[in-house]
Amino acid sequence: MKACRLSLATAAAAFSDEEKKMAAEKASGESEEGSLALTVEERETLGGLDSRLFGFLNIREDGARMKTLLGKAVHCYESLILKAEGKVESDFFCQLGHFNLLLEDYSKALSAYQKYYSLQADYWKNAAFLYGLGLVYFYYNAFHWAIKAFQDVLYVDPSFCRAKEIHLRLGLMFKVNTDYESSLKHFQLALIDCNPCTLSSAEIQFHIAHLYETQRKYHSAKEAYEQLLKTENLPAQVKATVLQQLGWMHHTMDLAGDKTTKESYAIQYLQKSLEADPNSGQSWYFLGRCYSSIGKVQDAFISYRQSIDKSEASADTWCSIGVLYQQQNQPMDALQAYICAVQLDHGHAAAWMDLGTLYESCNQPQDAIKCYLNATRSKTCSSASTLAARIKFLQAQLCNLPQGSLQNKTKLLPSIEEAWSLPIPAELTSRQGAMNSAQQNGSDNWNSGQTISLHPVQQQAHSWGLTPQKLQHLEQLRANKDNLNPAQRLMLEQLENQFVLMEQRGLHKGQSSHLAGPNDEQPLFPTGSTQYHQAACTSSQNQNGHHTLPRNSVPQGDALNHLSSYIATSGGQKGITFTKESKPSRNRSLGSESSRHAGDTSNSCAGIKELPNHVHQVTTVAISSLNHGESVSPNLIIADNPQLSALLIGKANDNVDTGTCGKVNNTHPVIHTKTDNSVASSPSSVISTATPSPKSTEPTSTHSVTSLNSPHSGLHTINGEGLENSQSSTKVDLPVVNHKSSPQIIPSMSVSIYSSSTEVLKACRNLGKNGLSNSHILLDKCPPPRPPASPYPPLPKEKLNPPTPSIYLENKRDAFFPPLHQFCTNPKNPVTVIRGLAGALKLDLGLFSTKTLVEANNEHVVEVRTQLLQPADENWDPTGTKKIWRYESNRSHTTIAKYAQYQASSFQESLREENERKTQIKDYSDNESTSSDNSGRRRKGPFKTIKFGTNIDLSDNKKWKLQLHELTKLPAFVRVVSAGNLLSHVGHTIVGMNTVQLYMKVPGSRTPGHQENNNFCSVNINIGPGDCEWFVVPEDYWGVLNEFCEKNNLNFLMSSWWPNLEDLYEANVPVYRFIQRPGDLVWINAGTVHWVQAIGWCNNIAWNVGPLTACQYKLAVERYEWNKLKNVKSIVPMVHLSWNMARNIKVSDPKLFEMMKYCLLKILKQCQTLREALVAAGKEVLWHGRTKNEPAHYCSVCEVEVFNLLFVTNESNSQKTYIVHCQDCARKTSGNLENFVVLEQYKMEDLMQVYDQFTLAPSLTSSSS
Ligand SMILES: [Zn+2]
């Protein structure tokens, strides 16, 4: 806990202040506080407590005593704040926040932290504060804010002692946000860290495996799970969950052999899982599904019963039971099971749909329509359009029927309204015997069977329909028996009577069907009706217990919704596997063939999409928030699967037992503690009660959270008790000032860059000795980077479609005219189109034509992006229902020859289509045959699939000699290699940046939105023959686009996204749009955001350049820092590059010079500090000079650039593989670095010399072209 000292010292300082104040107050005679005052000892103990202890307090043997002390401290602090009328030091609030956090009083913690934030301008230097704040946000599922807070912690203090916990939580949140790449990275960073955190490494490994599964990388997932099973002393809970996942994966995926084989695998795994944890309702449920799919109906029923017995009532389970009953030709039982499902989850689209199908099969179209309508209203409904068609069809049918024909018919099933009012479990119980006999006697008896059973049930509904609310009320009244008013007493009596009745009913019910059971010839439960009975009774209790659920379970429903929509949008393989799953549900269409033929496809379709989805949610719990941002509460989502939830949140809330029986309970404390935070205005209540509509929660939760971090945070949404008076309005503006400032990566300096290196290093050394933490010296003017706010004032709407800066070239002289360079690099021009460049320079573009490329290197690798052909400038989800930002494409590889073939055939196909259209021969049968050819594989939703050949590497000078040589004809400033190009000073190849890449396109091929690596400029030439369309947004709007990405759960830096132009228009973001014709060169200026789509068939070539300008350097460094914050690798090693620049280039631009010099200074200082610390700790630094063209180094774990001092494991060093770590990652794996050697690449004197010799050049010698 070395790193903890600084802020503990700060905290201690706050305490001594308080001590003084308390002493002063005592002196002033207010002695009633005396009993509350903290002893010196207590104060010392408290001084050592902050957010870093969160999750670890209970592990300590003095945990309970600590909590008492914390409670006392909070009380004491609050009364002090009251007395001082809120005028206390800001640290005081921070500490109060920590105490409340440790006591898990999140709303008060947030309130106190918020106060600290508003008072402390440089709050971001306080890692413990940021960490505590992150934990509170995490608790409230305000993931966007939690992520920000946690990332800030690691940015300001990469060696933070709870870095592992942060990575773990970041991993979890990114998983929920569907940013799997980031999630995996953070889990891995957590895993390599040998410090303690709230999950074991087995659990983290489980998450990694589950992450693969969530991403549908089933083989990797299987491998990871199986690897995990080999772990010694694997905790039973983890083991059970792993086996459960494996079982379910074998059931749903084609991992091994034919159906029988894979089902037997699945069953084996699930049985083993149940051995490890016999109480898992989930495993029982899955087992039921497996049995059901291989036709072992009785085993399936038993498993489902066990599931209901073991876990809370689940809509999925009841739905599956319904399916099973329906297959068994027991419509009444099926009906009741479905009703059970939809009562538990009103939005269970699959159950509604199944119920509709059931009604249809029983010739009750009116009820069917109602059910289908309910299904379409559900957010989980992924086949709304097919359902709508089905509804229309049924309605039309109804209209054609003679009046009253339906009414006169006897109904097989009670109407939906009747069915809804039945208390289900009892109904199921009493139905059992009746249904079986009905089955034997044929369907004529349906009606009578129904009337028999219905009446007693309805009576039951009256007599013992004690709702859980009533039960709860009863308990409350009982508890306060002695203090009731007359009305309450009367109520108590009534409730008691009902309760007695209820109990008798239960008994009676048991007896009666006990009689009915054994006489059945084909009992569904051969183990005897008694057992069945127990199961049913338990389930009725469950049902009761969870009637409260409609409210609580809304989030579950939500989770489901999100998930389904996820599956709907990402289609793909899942659809295929679902087909298998859904077969049984297709077969269940009972009778009434005639009414079905038209709707058959729609029904089966519905089955395919819906039925398995709802089951699958369990395995994919964590992804369920997709696209729905803040409104989701993952704690609740997680509650879908208690085992997973135990893994996910169990230990994080440190008083929850992850062990054996906490399974069901551990989901509830989370929910309860939250609703208990009853501060009306608090975000806790808003966020935790998760209202059904995501929209309705969004503004509130966002607001409450924004209030803390946004520049406009004058308002405090939360004022925990005792803080009411503390709203000092004085500092309201502070955060505004603080936050409005755009990223200051290169700030004004505390140490002059004009001093010599020796003076500078001396100054830094002295600073270090003044008690400041080393890493903070130069950091204190360098807060974590933030994206720029939208430029102010907003552009008027008529300026949102600006004309694109274009230059028309006629001859070679034009191309080499110096102002062209200036024009392109002018920050005011985000993009420049240089028209007719190829012609003016007589470039032979034919060298890059597909024909020539095939002739030159037909086997060359092409990366292929399989994309959906979207309409013009829009981006729709695969079902074509809504416009979205996410633009996913699958990656694969092929060769130039094969892509060329595809490109050509795509062209010919379209020619043929064109001809057909022209000659106006409408041969329908022909068209149909071609379209059905496509529909099999190539159509997803309504969109055609296309292939984009991208990132074809033309760096090899031998293979592409002619092509590359042709490009040397270009003017210097756009050339791949030139003295004025920063990327030519990196000293090694950065593929695709300082080398050429080729793109081969068919119409619709899309390059999603992005800024270039490290904001470098880029050059793109269209080879033709077709055109490309470009969309361009100026650099200063990247913050707005970043925000849109976050809102859409996309990673601005890493995900694929295609902006919705309407969104941009509304947000006053200007978009340049233009067509790039063959021979046109597009210059993308530094930091410009852009996205491109091919209009015709064409090839493009592109590379990056770095003009030697202050703007380019600044944006590159800013992105370097932003990447660091976001844990994204900077492809351009800016530190390495800066030193090379200092060695090679004379800089005459004072701005550029100052920035470079500052960066060099910072690095110089870091090198010295680190080196001295290592030497002081007795660590040997080994000389390992650089070889020629040796690339810059990156940490093999976290991917930050590692400069000069490389940490290499002993093993890797002796094997000469030199796998590099950064210092922080090295320390995480080996605290005292004993497993590492430190290699040094530069002599300090050398760096100092370069630093000193790098001076501002006179302006005329400026070299660029
Ligand atoms: Zn690292």
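Residues numbered from 1 in each chain as written. Predicted model: local features only at pLDDT ≥ 70, side-chain atom pairs only at ≥ 80, totals over all residues. Heavy atoms only, no water.

Q: For this particular structure, what's the right way to read the coordination of the zinc ion?
A: Donor atoms from the polypeptide that bind the zinc ion are C1195 (SG), C1198 (SG), C1222 (SG) and C1225 (SG), placed at 2.2 to 2.3 Å. Bound by four donor atoms, the zinc ion shows angles of 103 to 113 degrees at the metal and therefore tetrahedral coordination geometry. Read N to C, the donor residues that coordinate the zinc ion are spaced as C-x2-C-x23-C-x2-C. C1225 matches C1222 in its accessibility class, with the two residues each being buried. (Donors = N, O, S within 2.8 Å, 3.2 Å for Na, K, Ca; no water. Tetrahedral: all angles 85-135°; square planar, octahedral: opposite > 155°, others 65-115°. Buried < 20%, exposed > 50% of the residue type's maximum accessible area, 1.4 Å probe, protein only.)

Q: Looking at this structure, how should I read the pattern of salt bridges?
A: Opposite charge on two side chains permits pairing when their charged atoms draw close. On inspection of all chains with the given rule, the structure shows 32 salt bridges. D873 serves as the salt-bridge partner of R1073, at 2.7 Å between the closest nitrogen and oxygen. Remark: D873 occurs in the loop between strand 3 (861-868) and strand 4 (890-895) and R1073 occurs in strand 11 (residues 1072-1076); sequence separation between them is 200 residues. A salt bridge links E966 to K969; the shortest N-O distance between them is 2.7 Å. A network of salt bridges, in which partner residues are shared, links E78, D105 and K108. (Salt bridge = Lys/Arg side-chain N within 4 Å of Asp/Glu carboxyl O. Helix = DSSP H or I, 4+ residues; strand = E, 2+ residues; numbered from the N terminus.)

Q: Could you clarify how one ought to interpret the environment of I321 in this entry?
A: By secondary structure assignment, the location of I321 is in helix 16 (residues 315-327). In this structure I321 comes out as buried when scored by relative accessible area, which is 1%. Here the alpha-carbon distance between I321 and Y338, two residues 17 residues apart in the chain, equals 7.9 Å. Contact partners of I321, with chain neighbours within four places excluded, come to F301, Y304, I308 and A337. (Contact = heavy atoms within 4.5 Å.)

Q: I'm lost on the nonpolar core in this one. Help?
A: Within soluble globular proteins, side chains that are nonpolar generally end up buried alongside one another. Grouped together as the largest cluster of nonpolar side chains are 112 residues, with contacts concentrated most on F129, F150, V1033, L1041 and L1064. When neighbours within four sequence positions are excluded, L1041 is seen to be in contact with W885, V1033, F1052, W1057, P1059, L1064, V1069, V1089 and W1091. (Core = buried A, V, L, I, M, F, W, Y, C linked by side-chain atoms within 4.5 Å.)

Q: Quick question: what am I supposed to make of the pairing of strand 10 (residues 1028-1033) here?
A: Regular strands place side chains that alternate from one sheet face to the opposite one. Most of strand 10 is tucked away: six of the six residues are buried. Here strand 10 shows two buried faces, one formed by C1028, W1030 and V1032 and the other by E1029, F1031 and V1033. Pairing of strand 10 with strand 11 involves five bridges; the strand directions are antiparallel. Across the sheet, the residue bridging to V1032 is Y1072, located in strand 11. Relative to strand 13 (residues 1089-1094), strand 10 runs antiparallel, the two being bridged by six bridges. For C1028, the partnering residue across the bridge sits in strand 13 and is A1094. (Pairing = 2+ DSSP bridges.)

Q: Any chance you could explain the pairing of strand 20 (residues 1236-1240) here in plain terms?
A: Within strand 20, five of the five residues are buried, which leaves the element mostly enclosed by the surrounding structure. Going residue by residue along strand 20, you find F1236, V1238 and E1240 tucked away on one face and V1237 and L1239 tucked away on the opposite face as well. Pairing of strand 15 (residues 1181-1183) with strand 20, which is carried by three bridges, proceeds in the parallel orientation. Its bridge partner lying in strand 20, V1181 is registered against V1238. One ladder, built from five bridges, connects strand 18 (residues 1205-1209) with strand 20; its direction is antiparallel. Pairing of L1206 across the sheet is with L1239, part of strand 20.

Q: Please clarify how the packing of helix 10 (residues 201-214) against helix 12 (residues 236-252) should be interpreted in this entry.
A: When two helices pack together, their arrangement is given by the angle between the helix axes and by the axis-to-axis distance. Running from N to C, helix 10 and helix 12 point in directions that differ by 15 degrees, and their axes come no closer than 11 Å. As the angle between them shows, helix 10 and helix 12 are arranged roughly parallel. As helix 10 packs across helix 12, the resulting crossing turns out to be left-handed. Between helix 10 and helix 12, the residues in contact are A202, E203, F206, H210 and E213 and V238, T241, V242, Q245 and M249, respectively. Residue classes in the contact of helix 10 with helix 12 are distributed as five nonpolar, three polar and two charged. (Axes fitted to C-alpha atoms, helices over the stretch in contact; angles between N-to-C directions. Parallel < 35°, antiparallel > 145°, perpendicular 65-115°, else oblique. Left-handed = near helix turned anticlockwise from the far one by under 90°. Nonpolar A, V, L, I, M, F, W, Y, C, P; charged D, E, K, R; others polar.)

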